[in-house]
Each structure stands twice: as structure tokens, then as C-alpha cells.
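Fold and geometry: a report
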Amino acid sequence: MSEWWTYRPEDFLLFSPRVYWRLFELHNAALWPGQFAAVALLAVLVWLAAARPAGHARLITAALALAWAFTGWAFVWSRTATINWAAEYLAPLFAIEALLLALVAVLGGLRGRRSGIATVAGWLLVALAAAQPLLAPVSGRGWAAAEIFAIAPDPTAIATLGLLLTLRGPMVWALVPIPLLWCALSALTLWTMGEPAAAALPLAACLVTLAALLAVAVQTRAGAPVPRS
Amino acid sequence: MTTTRRNILAAGLGGAMAALLPLQSVGAQTTGVQAAPARRTIPSSGDTIAAVGLGTWITFNVGDDPVLRDECMEVMAAFFAAGGQMIDSSPMYGSAQAVVGDGLTRLGRPEALFSADKVWISDGDAGPAQIEQSRQLWGVPAFDLVQVHNLLAWREHLATLGDMKADGRLRYLGITTSEGRRHDLFEDVMRRQPLDFVQLSYTIVDREAEERLLPMAMDRGIAVIVNRPFRQGALTRQLEGEPLPGWAAEIGATTWAQAILKFILSHPAVTTVIPATTRVDHVRENLAASTGPMPDAALRARMAADVAAL
Ligand SMILES: NC(=O)c1ccc[n+]([C@@H]2O[C@H](COP(=O)([O-])OP(=O)(O)OC[C@H]3O[C@@H](n4cnc5c(N)ncnc54)[C@H](OP(=O)(O)O)[C@@H]3O)[C@@H](O)[C@H]2O)c1
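Residues numbered from 1 in each chain as written. Chains lettered and ligands numbered in written order. Predicted model: local features only at pLDDT ≥ 70, side-chain atom pairs only at ≥ 80, totals over all residues. Heavy atoms only, no water.

Attention now goes to the interface of chain B and chain A. Each partner contributes residues to the interface: chain B has 21 residues there, and chain A has 17 residues. The largest share of the area that chain B buries against chain A comes from I58, N61 and R181 of chain B, three residues that together contribute 32% of it. For the interface between chain B and chain A, the tally reads three salt bridges. Here D65 of chain B ties to R22 of chain A by a salt bridge, and the two come within 2.6 Å at their closest N and O atoms. Applying the counting rule to chain B against chain A returns seven residue pairs in polar contact (both at pLDDT 80 or more). Across the side of chain B that touches chain A, the residue classes break down as nine nonpolar, five polar and seven charged. (Contact = heavy atoms within 4.5 Å. Buried area = accessible area lost by both parts, 1.4 Å probe. Salt bridge = Lys/Arg side-chain N within 4 Å of Asp/Glu carboxyl O. Polar contact = N/O pair within 3.5 Å; in protein donor to acceptor, adjacent residues only side chain to side chain. Nonpolar A, V, L, I, M, F, W, Y, C, P; charged D, E, K, R; others polar.)

Attention shifts here to helix α5 (residues 127-138) of chain B. An α-helix turns once per 3.6 residues; consequently, residues spaced three or four apart project the same way. Residue and element names in this part refer to chain B. Counted at 1.5 Å a residue, the expected span for α5 with its twelve residues is 16 Å, and the 16 Å between its end C-alpha atoms agrees. For α5, the full list of buried residues reads G127, Q130, I131, S134 and W138. Projected down its long axis, α5 shows its buried positions confined to an angular sector of 100°, all on one face. In this structure, α5 carries A129, Q133 and Q136 as exposed residues pointing more than 90 degrees from its buried face. Close packing links the buried residues of α5 with β4 (86-88), α4 (96-106), β5 (114-119), β6 (145-148) and α6 (154-166). (Helix = DSSP H or I, 4+ residues; strand = E, 2+ residues; numbered from the N terminus. Expected span 1.5 Å × (residues − 1). Buried < 20%, exposed > 50% of the residue type's maximum accessible area, 1.4 Å probe, protein only. Arc of directions from axis to C-beta.)

All right, on to the environment of T271 of chain B then. Residues and elements named next belong to chain B. Residue position: T271 is located in strand β10 (residues 270-273). You can call T271 buried: its relative accessible area is 4%. A C-alpha to C-alpha distance of 14 Å links T271 and L145, two positions 126 residues apart in sequence. If near-sequence neighbours (up to four positions away) are discounted, T271 is found in contact with R40, T41, I49, A51, A223 and V224. Within the structure, the side chain of T271 is placed 2.9 Å from the backbone nitrogen of V224, a separation counted as a polar contact.

A few words now on helix α5 (residues 117-131) of chain A. Residue and element names in this part refer to chain A. The first and last C-alpha atoms of α5 sit 21 Å apart over 15 residues, in line with the 21 Å expected at 1.5 Å per residue. Within α5, the full set of buried residues consists of A118, T119, A121, G122, L125, V126 and A129. The arc that holds every buried residue of α5, seen down its axis, measures 160°, which confines them to one face. Facing away from the buried side of α5, by more than 90 degrees, are the exposed residues I117 and V120.

To continue, consider the confidence of the model for chain B. Averaged over every residue, the pLDDT of chain B is 90; the share at 70 or more is 89%. Low pLDDT (under 50) marks residues 1-31 of chain B, which in the prediction has 43 contacts with non-local residues, meaning those over four places away or in another chain. (pLDDT = per-residue confidence, 0-100.)

All names here are of chain B. Tallied over the full model, the rule gives 25 salt bridges over all chains. We note a salt bridge from E179 to R181, for which the minimum N-O separation is 3.6 Å. One network of salt bridges, in which partners are shared, links D184, E187, D188, R191, R192 and R212.

Comment: phi is negative for the bulk of residues other than glycine, and the bulk of peptide bonds are trans. Along the chain, W32 of chain A connects to P33 of chain A via a cis peptide bond; the corresponding omega equals 5°. The residue P33 of chain A is located in the loop between α1 (17-31) and α2 (34-51) in this model. Phi at R52 of chain A takes a positive value of approximately 50°, unusual for a residue other than glycine. Locating R52 of chain A in the fold gives a position in the loop between α2 and α3 (56-77). R52 of chain A sits in the partly exposed class, given a relative accessible area of 25%. Of note in this structure, L151 of chain B is not a glycine but carries a positive phi near 60°. As for its placement among the helices and strands, L151 of chain B is situated in the loop between β6 and α6. With a relative accessible area of 2%, L151 of chain B lands in the buried category.

On to the side chain of R228 of chain B. Looking at where R228 of chain B falls in the secondary structure, it is placed in the loop between β9 (223-227) and α9 (234-239). Separated by 2.8 Å, the side chains of R228 of chain B and Q232 of chain B make a polar contact.

On to the layout of surface pockets, then. What the second largest pocket holds in volume is close to 510 Å³. Around the second largest pocket sit 20 residues that line it, and W85 and E88 of chain A together with P91, G94 and Q133 of chain B are the ones nearest its centre. Only α4 (87-107) of chain A together with α4 and α5 of chain B provide two or more residues apiece to the lining of the second largest pocket. Within the lining of the second largest pocket, the residues separate by chemical class into ten nonpolar, nine polar and one charged. (1 Å grid on protein atoms, 1.4 Å probe; cavity = no way out; pocket = protein on both sides within 12 Å on 5 of 7 lines; lining within 4 Å. Points joined across faces, edges and corners; volume = space filled by probe spheres on them.)

The next subject is the packing of aromatic side chains. In this description, a pair of aromatic rings is defined by centroid distance and the angle of the planes. If you walk through the whole model with that rule in mind, you get 18 aromatic pairs over all chains. Here the aromatic rings of Y202 of chain B and F263 of chain B are separated by 6.0 Å at their centres, their planes lie at 40°, and the arrangement is tilted. Of the two residues, Y202 of chain B sits in the loop between β8 (197-201) and α8 (213-220) while F263 of chain B sits in helix α11 (residues 256-265), which places them 61 residues apart along the sequence. Each member of the pair, Y202 of chain B as well as F263 of chain B, is classed as buried. Taken together, the aromatic side chains of F15, Y20, W21, F24 and F75 of chain A make up a single cluster linked through ring pairs. For the cation-ring pair, R141 of chain A lies above W21 of chain A, with the distance from its terminal atom to the ring centre recorded as 3.4 Å. When the ring centre of F263 of chain B is taken as origin, the NZ or CZ atom of R300 of chain B, which lies over that ring, is 4.2 Å away. (Phe/Tyr/Trp six-rings, centres within 6.5 Å; stacked < 30°, edge-to-face > 60°. Lys NZ or Arg CZ within 6 Å of the ring centre and 35° of its normal.)

The next subject is the side chain of S115 of chain B. Residues and elements named next belong to chain B. Mapped onto the elements, S115 comes out in strand β5. By relative accessible area, which is 1% here, S115 ends up buried. Residues within four places of S115 in sequence aside, it is in contact with I87, W138, A142, F143, D144 and L145.

Following this line, the structure appears as C-alpha cells:
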């Protein structure tokens, strides 16, 4: 693109806020009452991460793989693509993340993290993802436009980051880049749309995750005992 | 599109479509009978066209949403009912082409339509396939105008469009830019290539085009389409709270939007301005701006100075 420096983020925004929020309304209506199953799934994942029964990391990553595959196909590919041709480049990211998560579920290698900054950050993000559906009614868009884990991409990405921070193992580093990238893109889109309150959530998820990972990396490097399960 | 018969048909169709509109918009129509929009001559053919068209960037990218598609259809119905003709879109605008096509089908394919689309792909060889896909989305037998969007692969695409025009598959060809980008190259292409239309940004606060591009269009007999007349709504929002100056009454402008459009349309090089809107009342207001008195050079200077001072 020539004279690229003359372009602003809003030059790439193809749709209005109203059209964007209506996507969630239409999607929720199409999946109703599947929202109950999605909320129940998140509750089960929270229990698995908290109680840490045998095989909990495999179950968590397997469930997250399903959530990414479904959200990527049903929302990003099938719905967002109707208003944003860039969705065709974004949906494959969801497929890749789903495959990575499935791979980790099969191969194993992740374990629970008992305490420390990363765990606190993880639970904070899980709480944000669980609370995200409230944002729609609070912002006056109504429950119909609520963004719900495993149905909408933002809470899926935020909950994934949160749950991954409650786990440990080298594969965590391979699993966080795509959710991080998604949260950054989403924050930029919402900010450009003139929705700073909505942008704050994915932006906070990015910052909290990066800060937590940095803390883990610094602790590991300094040889400080990283809290383990 | 340009003959009296077509104008009469357009007016008749408009009436028929108004009858089809839901109550909500019919209610808004009770503001009285609107005068037909002014017409401008397309220099390369001598045909005339309504001076206010309709853009579709963002406003018509509503995907499959049935509620929003209905709203777009209502805007189109009001547009044709008020004598509008040119609808401008692009493969870059998400679902806008499909939404226009859907609206045209539901409105019974208004004869008044002047279809203006673009080719926007960096591979010149892929141009014909993209234009064909766009044509199918619009559901028109052929486009009236295809423009090379933002000069992307302009050499290859202009060759394609030239061939299509020679074969009778296209009436007009052109190029576009916006927000003052690549004016040097734009001017060069205007000077060297046989163009029917150019599309560029020109507003009461963005007047760079007056220096070279608009005079060149007049010299070379090229029709001018003005995009982003309201800076994508930023200008109308900025002026919203300001009282209309006394000169607005002199030119029959009842809103800032109309004053801005009259400023643009009073430049002698301008053929058509294509504001985009999601609102039936705005589309009527915009079309009405082309009627009545236009500012002369002295008043244009005053208008620009007053707006700059706000
Ligand atoms: N490079 C290119 O080829 C290029 C680049 C840019 C644009 N374009 C074309 O030019 C068209 C127009 O440009 P644009 O869409 O960027 O911006 P625009 O027409 O300058 O502004 C559109 C905005 O103005 C508002 N508006 C319309 N009529 C109004 C009125 N009477 N009073 C108050 N507000 C009004 C609309 O809001 P409401 O919905 O509330 O009415 C809409 O948000 C595009 O749609 C596209 O077709 C082409």
C-alpha cells in the first residue's frame, strides 16, 4: 500500500459499532439456549483449574481446543466474515490455536501452578472472562448482545489466557501468542470503533498476561523458586 | 438513465416504492414533495446525471443482518424516490455490494440506477474476475461505471476497463483516490489516460483538489465524483452545535450538511457528490441540497472562511 503513513486505524474499519454489536445479537439468537452449556463449561473449567484432579490440564486444554474451534468457525469464519473480509485471515488463527491446544491435551506436559503472580493473574483473567457478558447490559446493548465464553471470541481468548496462567510447562509459551494477538487486535478494533470501555477488557487481558509471563521469566532466570504444584 | 423518459420512470418508480415503505419511513416522508435533484452533464457522453449520489462505505456493510438490510433498502428506496441515480460501491466495502444488490432486487431494479463500482485488486490479471463477481453481487447486466480503486494496479485495470468499454460491456471508466492521497500520480493519469470519471475527496475544509485536479478535470472533459463530503461524518458532527450563518438562507440550506454539499456542488468541475448515510431523512436532505440557489465565488470564499473559523 502506498503512502501507508497517511492511513489511520479507522481507515481499516469496515463496519459501524451498531453492525458489530448486532453480530453478537444475531449469533446469540442463533445458538440459544446453547449459552447455558457455554457458561456451564466455563464453570467446569474453573473447577478443574481450582481442584486440580488427575488429568485436569489435559481436560482444560481439550475443552479450550473445542472452544477455539467452535468460536473460530461459527463466529469468526461464518459470521464476522459477512462484514469483514479480513476474517478469512483471522479464522485460521483460531484453527491453529485449537490444534495446538488439542495437541497439548493429547501429549500432556502441562501441570497446575499452585500459587504466585501468574496464578493470581490467571484467576483475575478468568473472572474478567466470566464477567464479560455483563458488559452488554451495563453498556445499554442488552443481554441479547452478551459476549459469552466459547461463543464469542474475546471471552474465549481472555479465559484461555487466564486458564493457561494457572498451568505451567513449556507449552504454555506456545499457547499464549494467538490469544494475546487476538486480544490486542480486538482492543485496537474496539478502540478505533470509539468503544474505549469495551476495548479496556481485551487490553487489560494483554497487559496482565504479559506482566505475569514477564514475572515468571524473571523469576526463572534469577533462579528464584517458581511456585510449583 | 439520462433521458426524460427515464427521469419520468424514476419519479413514477419513486412513488411506487414510497408506497412500499414501512409506516415509520412513510411518516418521515410527509415533509412534502421534494424537487427533483439538479442534473449535471457527463462531459464524455453528454448524458446527464443527478448531482447527488449515494456512497456505501461502512453504511451498507451490514452483512446478513435482516433488520439492517431492510434499513439499507429503505435508504435506497428514499434515494430513488427523491430522484437519485448514482450508487457507488467497491469490493473493498465488505458486504456492501451484496446489500446494494439485495436492495435493488427488492425495489424491482430501479431503472434510474447509475451503477458505479470499483476494481480493487493488486493482481491486474484478476481484475476481470473481480469485476464479474461484483456485477453478480449487484445483479446488474453491466456496470455504468467501473473505477480503479485508489489507483491500485491502475495500468492493468485501465487496460481491462478500456477493453470492456470498447466491447460495449461498460459505459464509463475512471479512477479514484481519497483524502488527498497520491495526487501527483492521479494528475498524471488524468493527463495521459482517456478517463470518463475521476473520484476524489473535496470538502469545504479540504480544498487541495481545487489547485490542480479540478481544473484539470474541466480541461480534459472528465466528470468528477466527490467522495467523503462530510469527512465520513466527522465534519457534520463537528458543526452540529454551531448555529447556521446568515448566508445559509441565501442558498436555501437548512442544515450544515446541505451547506457543505452546496459548497461542493457549486464548484464548476463537480459532477456528482456521493454522501453515505444510514438514514432516510438524511438521504432526502442530501438530495435536496442540489436544488435551489448555489453560492457564487464570493459567497464560497465566505463560507469556507466562516467554517475554518469555527
Ligand atoms: N477511495 C475511494 O474510492 C473512496 C474513499 C472514501 C469514500 N468513497 C466513497 O464515498 C462515499 C462517501 O464517503 P464516506 O462514506 O467515507 O463519508 P461521508 O459521506 O463524508 O460521511 C458519511 C457519514 O455522514 C453522515 N451523514 C450523511 N448525511 C448526513 C446529513 N444529511 N446530516 C448529517 N450527517 C450525515 C452519515 O451518518 P448517518 O448514517 O447518520 O446519516 C455517515 O456517517 C463512500 O461511502 C464511498 O462510496 C470512496
